[in-house]
Amino acid sequence: KIEVLKLGSGLVNDKHTSDFWVFEGVDGRDYAVTGTWGADGTSYFWDVTDPSNIIKIDSVQVDARTVNDVKVSEDGKICIIGREGASNRKNGIIIIDVSNPFDVKIISEYTKNLTGGVHNLFIYQNHVYALSAGQKYYILNIEDPKNPVEVGMFELGKEGQAIHDVWIEDGIAYSSNWSDGVVAVDIGGTKFDESDRSKSQYNPLLIKAGEGSPSSPKKLAEMGDPTGRNHAAFPFLSQSTNQFYIISGDEIFPWGVLATQGKPSNPRGGFHFLNFSDPDNPKEDAIYQVPEAGSHNLWVHGDTLIAGFYQGGLRIVDISGELLGDIYNQGREIGVYQSSHKEGKIPNAPMVWGAQPYKDYIFIADMNSGLYCIQLVDENKSDTP
């Protein structure tokens with residue numbers, strides 16, 4: 001086990017907090033942006049350079065009820081947020097200049113083909129991947145952020161298609177498609193030669209890549225979800241075994257989304273380790289689920305799973321070595337953190353949306369109380385990022 005130390009928090013108690021992103025600004029300081037759920041379209045910006053003193057420094061309010069997702073470009077200059085519930089029903093995305101996080105400025109909005117609401121989005125190499133009405137994602141070139149240009153689109157092209165999220169690494173987009181499971185799409189991955197199969201630490205999906213681009217996305221591999229609850233996906237190349245997985249997360253509310261109404265809530269679900277080492281024959285090897293709680297968003301750092309489990313708080317799990325069977329019952333959980341605040345939107349009630357490892361810390365968004373920063377310390381009291 002490891003010790004989990006709370007370093008600081010940024011309280012949000014008049015609204016529910018949604019997703020967040022931590023980034024290094026152009027001035028070399030550290031910042032974060034958080035969205036809000038079922039409220040008034042506000043996003044908050046924070047200085048987190050000193051994690052023990054998280055300071056709210058600016059905000060943006062747009063025509064929306066929910067700003068579900070927020071992301072920041074690799075250079076720390078551009079923030080994108082998705083809108084849902086706009087009064088004019090246009091929704092779409094908002095592009096924000098965050099080169100000075102103390103005085104952020106809206107640059108532009110883009111709504112074409114996105115009026116049904118943008119629940120999740122991603123920014124990667126001057127392109128935005130924005131979900132459209134939970135069915136597909138459109139790809140926008142934002143090299144000129146004042147004038148976004150639609151360059152591509154990806155959908156499954158089948159009746160009843162649905163999508164919840166998209167995540168991008170190494171030129172591959174991993175989408176979460178509820179009953180259709182996870183789908184890996186080449187949007188600019190660099191193809192590996194067959195000889196690279198003998199090398200360690202490579203993503204085997206890149207053997208199949210090389211023909212896709214933002215304007216011409218190409219499906220590489222997929223695996224359906226018999227539960228119909230594929231809500232999140234994250235690629236994981238095991239540092240210890242070289243096996244390649246897509247970790248697929250559930251989201252299940254057996255009795256409805258009650259947490260946001262101040263009532264008892266009992267979400268359920270877990271994370272499925274889908275082995276894509278042979279992309280043409282993926283298989284599920286293992287599962288991690290917390291019996292008393294429900295999974296939401298996740299991140300992998302090295303061979304460690306950092307997982308938001310709603311009312312179960314943050315769970316930190318050792319996923320090194322062979323992964324088979326029920327990981328929870330194998331005792332691989334090495335840390336737990338229950339974020340809550342007596343003055344929260346719902347007081348003293350953990351509801352972890354997700355977490356992001358950043359430098360030597362882990363930042364957490366809690367739906368009921370805002371932004372947190374924790375640090376992991378091993379038995380010898382040495383910092384563990």
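Everything below is about the structure shown above.
What comes next is a walk through the structure. As a convention, each chain's residues are numbered from 1 in the sequence order in which they are written. Selection of residues for local features in this predicted model requires a pLDDT of at least 70, selection of side-chain atom pairs for listing and counting requires 80 or more, and totals for whole chains, interfaces and linings are taken over all residues. For side-chain calculations, the full set of non-hydrogen atoms in the structure is used, while hydrogens and water are omitted.

1. Quick notes on the overall build of the chain
Defined as follows: Only DSSP runs of H or I reaching four residues or more are called helices, and only runs of E reaching two or more are called strands; each is numbered from the N terminus. Here the globule rule is a power law, 2.2 Å times the number of residues to the power 0.38, and the radius of gyration is based on C-alpha atoms. A simple rule labels every residue: compare its accessible area, found with a 1.4 Å probe on the protein chains alone, to the largest value its type can have, and call it buried under 20%, exposed over 50%, or partly exposed in between. In what follows, residue pairs with any heavy atoms lying within 4.5 Å of each other are defined as contacts. Only the protein chains shown count as covering a residue, and every accessible area follows the Shrake-Rupley method with a 1.4 Å probe.
On a plain count of helices and strands, the chain comes out with zero helices and 30 strands. In terms of overall dimensions, the chain is globule-like: its C-alpha atoms have a radius of gyration of 20 Å, near the 21 Å expected for 385 residues. Principal-axis analysis of the C-alpha atoms gives the chain an extent of 50 × 50 × 45 Å. Within the chain, the fraction of its 385 residues that count as buried is 57%. Taking the contacts inside the chain whose residues are at least 6 apart along the sequence as the reference set, 53% of them involve residues at least 24 apart. When the accessible surface of the chain is totalled, it reaches about 15200 Å², and 45% of it is carbon and sulfur.

2. Some details on the pairing of strand 2 (residues 16-24)
For a regular strand, the rule is simple: side chains alternate between the two faces of the sheet. As a reminder, the rule being used: By this definition, two strands are paired if DSSP reports at least two bridges between them.
Taken across its nine residues, strand 2 has eight buried, putting it largely inside the fold. With seven bridges connecting them, strand 2 and strand 3 (residues 30-37) associate as antiparallel partners. Bridge pairing in strand 3 places Phe 20 opposite Thr 34. Joining the antiparallel neighbours strand 2 and strand 3 is a turn of five residues, in which Gly 28 adopts a positive phi near 85°.

3. Considering the pattern of salt bridges
Test applied: Salt bridge, as used here, is a side-chain nitrogen of Lys or Arg placed within 4 Å of a carboxyl oxygen of Asp or Glu.
Scanning the model with the defined rule gives 15 salt bridges in all. Of the charged contacts, one joins Lys 359 and Asp 30 as a salt bridge, the two residues approaching to 2.8 Å between their closest N and O atoms. Residue Lys 359 is located in the loop between strand 27 (352-358) and strand 28 (361-366), and its partner Asp 30 is located in strand 3; the two are separated by 329 residues in the primary sequence. Each of Asp 14, Lys 15 and Asp 40 takes part in salt bridges that share partners, so that together they form one network.

4. Brief notes about the packing of aromatic side chains
To keep it simple, the criterion reads: Classification of ring pairs rests on two measures: the distance between centres of Phe, Tyr or Trp rings, Trp counted by its six-membered ring, which must be within 6.5 Å, and the angle between planes, read as stacked under 30 degrees, edge-to-face over 60 and tilted in between.
Under the criterion given, the structure shown has 20 aromatic pairs. Here Trp 167 and Phe 234 contribute two aromatic rings whose centre-to-centre distance is 5.0 Å and whose plane-to-plane angle is 40°, an arrangement assigned as tilted. Placement of the pair is Trp 167 in strand 14 (residues 165-169) and Phe 234 in strand 18 (residues 230-237), with a sequence separation of 67 residues. Relative accessible area serves as the criterion here: at 12%, Trp 167 is assigned to the buried category. You can call Phe 234 buried: its relative accessible area is 2%. For the ring pair Phe 236 and Tyr 245, a centre distance of 5.8 Å and an interplane angle of 20° mean the geometry is stacked. Note on accessibility: Phe 236 and Tyr 245 belong to one class, buried. Members of the aromatic cluster, connected to one another through ring pairs, are Trp 21, Phe 122, Trp 167, Phe 234 and Trp 299.

5. Section: the side chain of Asp 250
With respect to the element layout, Asp 250 can be found in strand 19 (residues 244-250). Once you skip the residues sitting within four places of it in the chain, Asp 250 turns out to touch Asp 225, Thr 227, Arg 229, His 231, Gly 269, Gly 270, His 272 and Ser 295.

6. Focus on unusual backbone geometry
Residues other than glycine seldom take positive phi values, yet Asn 91 does so here, at roughly 50°. Mapped onto the fold, Asn 91 is located in the loop between strand 7 (78-82) and strand 8 (93-97). Among the residues examined, Asn 91 registers a relative accessible area of 6% and is labelled buried. A positive phi angle, near 55°, is found at Asn 348, a position not held by glycine. Residue position: Asn 348 is located in the loop between strand 26 (333-337) and strand 27. Residue classification places Asn 348 among the exposed residues on the basis of a relative accessible area of 53%.

7. With respect to the sheet that holds strand 25 (residues 325-326)
Within a sheet, each strand pairs with its neighbour through backbone hydrogen bonds, oriented either parallel or antiparallel. One open sheet accounts for five strands, arranged 18-19-20-21-25; its pairing is mixed. In this open sheet, the two strands that pair with only one neighbour each are strand 18 and strand 25. Examined bridge by bridge, strand 21 (residues 283-289) and strand 25 share two bridges and lie parallel to one another. In the sheet register, Ala 286 faces strand 25, and the bridge partner there is Gly 325.

8. Details of the nonpolar core
Let me state the cut-off plainly: Joining through side-chain atoms within 4.5 Å is the link that ties buried Ala, Val, Leu, Ile, Met, Phe, Trp, Tyr and Cys residues into a set, and such a set is a nonpolar core.
Ranked by size, the top nonpolar core spans 54 residues in total, and within it Tyr 137, Phe 273 and Leu 305 carry the most contacts. Those residues in contact with Leu 305 that lie beyond four places of it in its chain are Phe 271, Phe 273, Tyr 288, Leu 298, Trp 299, Val 300, Arg 315, Ile 316, Val 317 and Ile 319.

9. Comments concerning the environment of Asn 147
What counts is decided by this rule: Here a polar contact is recorded for every N or O atom pair within 3.5 Å, except that within protein the pair must consist of a potential hydrogen donor and a potential acceptor, and residues adjacent in sequence are included only if both atoms are side-chain atoms.
Following the sequence through the fold, Asn 147 ends up in the loop between strand 12 (136-141) and strand 13 (149-154). For Asn 147, a relative accessible area of 46% puts it in the partly exposed group. Between the C-alpha atom of Asn 147 and that of Tyr 110, which follows or precedes it by 37 residues, the distance is 8.6 Å. There is a polar contact of 2.8 Å between the side chain of Asn 147 and the side chain of Asp 144.

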